[in-house]
Amino acid sequence: MDHLARHHPRLTVHREESHSLFCENTLPFDLSDLPDSFSKFRKLIEKQPIALPGSTVTELPPPINNRQGLPEAYGCFEQVVNLGEQGVRGGELAGLAHVRGYFETDAALSYKQTRNALDDWRSSTKFSLWLANGNVSPRTIVSQLHRFERRFGANESTYWIVFELLWREYFHWYARCHGARLFAFSGIKHKSPLTSFYAQRFRQWVNGNTPYPIVNACMRQLKQTGYMSNRGRQLVASCLVHELAIDWRYGANYFQHTLIDYDVGSNWGNWQYLAGVGADPRGHRKFDLQKQTQLYDPEEVFIRTWEGDGLSMSVDAVDMVDWPLDNG
């Protein structure tokens, strides 16, 4: 935007915040006083009215005669990616069509019951794919949701869509508030976790070759599609930090490298949360992977689909004095 303004002074440049539900000057607290937990944040923020999305542009100035001085980033590019059997197209038009299409179904009425599915396109909104890239505004989603509620009624599931957007909102301001602490090993609590870096364990985690089938399936899904369910992200993060005792930042960085819906605040804020160095008031939250498998993949359909079973039974290739372990 600054590049355009500098090189084309005759253009009138209009800026409007659209990445978040609220602007900083509408927050009910100073950013430096951001609540230290999501629950406290939600109680303050959900009483605030959410502004309507910006008006649709109906007229544009004549195109610039040449592209001299404009970097390639200002071109219009779209990419199609495959999430399993589902082809997904990027870009604003595709994103808005997806939002409208979602609310043309009754999926929002059962969102809270289906959102934890590990491998079903229709189980969750998938709005993050376009939100992360700025193709769709969260205000547009809320506006469409309210229209849906006026037609079909509101329930706990429709509220839960806003609830999840508020989580995203919290981590947006969390990143703005804490700055570089978002990437610090000791997080915002200035207390380093008892983890380190083990190259062999990290490779196993990345490649989906750990002793934990549900984690393997999730990681193989991520590598192939660039996407993983929210439930899956919690499970693999818990595994990396607790079962494998690896520095959480390696996991956060791998997600940054791999996820097609990567969002800096949500990604690093959630990893801090799971590592016990962030906004979780309980601290160091650990998931029982066997119990989670029984809850979300009891027939192991997801595990078989992504070939997560029958892999490594050990997390180490050498013993404490670096002698190779016999895994055969």
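Residues numbered from 1 in each chain as written. Predicted model: local features only at pLDDT ≥ 70, side-chain atom pairs only at ≥ 80, totals over all residues. Heavy atoms only, no water.

A. Looking closely at the overall build of the protein. When helices and strands are counted, the protein shows 14 helices and 2 strands. Intrachain contacts of the protein at a sequence separation of at least 6 include 71% that bridge at least 24 residues. For the protein, the computed accessible surface area is about 18,500 Å², with 50% contributed by carbon and sulfur atoms. (Helix = DSSP H or I, 4+ residues; strand = E, 2+ residues; numbered from the N terminus. Contact = heavy atoms within 4.5 Å. Areas by Shrake-Rupley, 256 points an atom, 1.4 Å probe, with all protein chains shown as cover.)

B. Structural detail: the packing of aromatic side chains. If you walk through the whole model with that rule in mind, you get 30 aromatic pairs. Clustering of aromatic rings is evident, with ring pairs tying together Phe-29, Phe-38, Phe-41, Tyr-159, Trp-160, Phe-163, Trp-167, Tyr-170, Phe-171, Tyr-174 and Tyr-273. Directly above the aromatic system of Trp-160 lies the positively charged group of Lys-112, at a separation of 4.0 Å from the ring centroid. When the ring centre of Tyr-227 is taken as reference, the NZ or CZ atom of Arg-233 above it lies at 5.3 Å. (Phe/Tyr/Trp six-rings, centres within 6.5 Å; stacked < 30°, edge-to-face > 60°. Lys NZ or Arg CZ within 6 Å of the ring centre and 35° of its normal.)

C. View of the packing of helix H9 (residues 213-225) against helix H10 (residues 230-243). Across the interface, H9 lies against H10 with an axial gap of 9 Å and an inter-helix angle of 120 degrees. Here H9 and H10 pass one another in a crossing that is left-handed. Contacts between H9 and H10 pair Ile-214, Val-215, Cys-218 and Met-219 from the former with Gly-232, Leu-235, Val-236 and Cys-239 from the latter. Along the lines of polarity and charge, the residues of the contact of H9 with H10 split into 7 nonpolar, 1 polar and no charged. (Axes fitted to C-alpha atoms, helices over the stretch in contact; angles between N-to-C directions. Left-handed = near helix turned anticlockwise from the far one by under 90°. Nonpolar A, V, L, I, M, F, W, Y, C, P; charged D, E, K, R; others polar.)

D. Structural detail: H10. Over its 14 residues, H10 runs 19 Å from end to end, which matches the ideal 20 Å to within 8%, given 1.5 Å per residue. The buried count for H10 comes to 11 of 14 residues, which makes it a mostly enclosed element. Of all the positions in H10, only Arg-231, Gly-232, Arg-233, Leu-235, Val-236, Ala-237, Ser-238, Cys-239, Leu-240, Val-241 and His-242 are classed as buried. Trailing H10 by a residue or two, Ala-245 shows a phi angle of about 55 degrees, which is positive. (Expected span 1.5 Å × (residues − 1). Buried < 20%, exposed > 50% of the residue type's maximum accessible area, 1.4 Å probe, protein only.)

E. Inspection of the pattern of salt bridges at higher detail. Counting across every chain of the model gives 9 salt bridges. A salt bridge links Lys-40 to Asp-36; the nearest nitrogen and oxygen atoms lie 3.0 Å apart. (Salt bridge = Lys/Arg side-chain N within 4 Å of Asp/Glu carboxyl O.)

F. Representation of the nonpolar core within the structure. Core analysis: the largest hydrophobic core is formed by 79 residues, its most contacted members being Phe-103, Tyr-170, Trp-205, Trp-248, Phe-255 and Trp-271. Considering every element that reaches this core, the biggest residue donor is helix H7 (residues 156-178), with 12 residues. Not counting chain neighbours up to four residues away, the residues in contact with Trp-271 comprise Trp-205, Ala-237, Leu-240, Val-241, Trp-248, Gly-251, Ala-252 and Phe-255. (Core = buried A, V, L, I, M, F, W, Y, C linked by side-chain atoms within 4.5 Å.)

G. Broad picture of the confidence of the model for the protein. The pLDDT averaged across the protein works out to 88; a share of 84% of its residues lies at or above 70. For residues 67-77, every residue scores under 50 in pLDDT, and the model assigns this stretch 11 contacts once sequence neighbours within four places are set aside. (pLDDT = per-residue confidence, 0-100.)

H. Molecular detail of unusual backbone geometry. We note that Glu-300 has phi near 55 degrees; this positive angle belongs to a residue other than glycine. Following the sequence through the fold, Glu-300 ends up in the loop between helix H13 (289-296) and helix H14 (301-305). Residues other than glycine seldom take positive phi values, yet Glu-307 does so here, at roughly 55 degrees.

I. Geometry of the side chain of Thr-195. Along the chain, Thr-195 falls in the loop between H7 and helix H8 (199-207). In contact with Thr-195, other than residues within four places in its own chain, are Phe-185, Val-241, Ala-245, Ile-246 and Asp-247.

J. Summary view of the side chain of Thr-125. Its place among the elements puts Thr-125 in the loop between helix H4 (111-114) and helix H5 (128-131). Sequence-distant contacts of Thr-125, defined by excluding residues within four places in its chain, comprise His-98, Tyr-102, Tyr-111 and Ile-161.

K. Examining the environment of Ala-199 more closely. As for its placement among the helices and strands, Ala-199 is situated in helix H8. Separated by 47 residues in the primary sequence, Ala-199 and Ile-246 have C-alpha atoms spaced 9.1 Å apart.

L. Fine view of H13. Taken together, the buried positions of H13 are occupied by Leu-289, Gln-292 and Thr-293. In an axial view of H13, the angular spread of the buried residues amounts to 105 degrees, which keeps them on one side of the axis. Across from the buried face of H13, at angles greater than 90 degrees, the exposed residues are Gln-290 and Lys-291. Against H9, H10 and H14 lie the buried residues of H13. Where H13 begins, one side-chain oxygen reaches toward the backbone nitrogen of Gln-290, 3.1 Å away; that side chain belongs to Asp-288. (Arc of directions from axis to C-beta. Polar contact = N/O pair within 3.5 Å; in protein donor to acceptor, adjacent residues only side chain to side chain.)

M. Structural detail: the packing of helix H6 (residues 138-152) against H7. Taken N-terminus to C-terminus, the directions of H6 and H7 make an angle of 170 degrees; their axes are 10 Å apart at the nearest point. In terms of orientation, H6 and H7 fall into the roughly antiparallel class. Contacts from Pro-138, Ile-141, Val-142, Leu-145, Phe-148 and Glu-149 of H6 reach H7 at Thr-158, Tyr-159, Ile-161, Val-162, Leu-165 and Arg-168. Each residue belonging to the contact of H6 with H7 can be placed in one class, and the counts come to 9 nonpolar, 1 polar and 2 charged. (Parallel < 35°, antiparallel > 145°, perpendicular 65-115°, else oblique.)

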